[in-house]
Amino acid sequence: MAINKRVMKKIEELANGDSALLGFLRALITYEAEGSGRYKKEYEDMLKTYAEKEGEK
């Protein structure tokens with residue numbers, strides 16, 4: 001499924017230069033668009049990955 005470019009642009013604006021947040025939100029939107037149906041584990045994995053990136057700053 002295609003991801004709306006306007007949505008991705010708005011996410012970029014809202015992240016306000018925070019690369020870890022932007023990466024997380026992009027990954028989340030992409031995952032949602034794929035519609036895999038396995039949410040809890042994937043969300044936990046994404047949060048862990050991007051929280052670790054934020055901690056590296």
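Thresholds applied
Per chain, residue numbering runs from 1 following the sequence as it is written. Local features in this predicted model are restricted to residues of pLDDT 70 or higher, and side-chain atom pairs are both shown and tallied only at a pLDDT of 80 or more, whereas totals for entire chains, interfaces and linings draw on every residue. Excluding hydrogens and water, the side-chain figures rest on all heavy atoms present in the structure. Throughout this description, the term salt bridge denotes a Lys or Arg side-chain nitrogen within 4 Å of a carboxyl oxygen of Asp or Glu. Helix and strand definitions here come from DSSP, where helices need a minimum of 4 consecutive H or I residues and strands a minimum of 2 consecutive E residues; each element is numbered from the N-terminal end. The rule is simple: take the accessible area with a 1.4 Å probe, protein chains only, and divide by the maximum for that residue type; under 20% is buried, over 50% is exposed, in between is partly exposed. For a helix, the expected span equals 1.5 Å multiplied by the residue count minus one. Residue contacts are counted whenever heavy atoms from the two residues lie within 4.5 Å of one another.

Under the definition given, this model contains 3 salt bridges. The shortest N-O distance in the salt bridge between aspartate 45 and lysine 41 comes to 2.9 Å. Here lysine 41 and aspartate 45 lie together in helix α3 (residues 39-55), a separation of 4 residues that amounts to about one turn. Given the relative accessible area of 43%, lysine 41 is considered partly exposed.

Glancing now at unusual backbone geometry. Backbone geometry places asparagine 16, a non-glycine residue, at a positive phi of 50°. Judged by relative accessible area, asparagine 16 falls into the exposed class, the value being 69%.

Before going further, it helps to examine helix α2 (residues 19-34). Helical periodicity: at 3.6 residues per turn, an α-helix aligns residues three or four positions apart in one direction. The first and last C-alpha atoms of α2 sit 23 Å apart over 16 residues, in line with the 22 Å expected at 1.5 Å per residue. Of the residues making up α2, those classed as buried are Ala20, Leu22, Gly23, Phe24, Tyr31 and Ala33. Here the buried face of α2 lies against α1 (5-15) and α3. Glycine 35, located one to two residues past α2, shows a positive phi value of around 65°.

Note that all results are geometric; they support no functional claim without further evidence.
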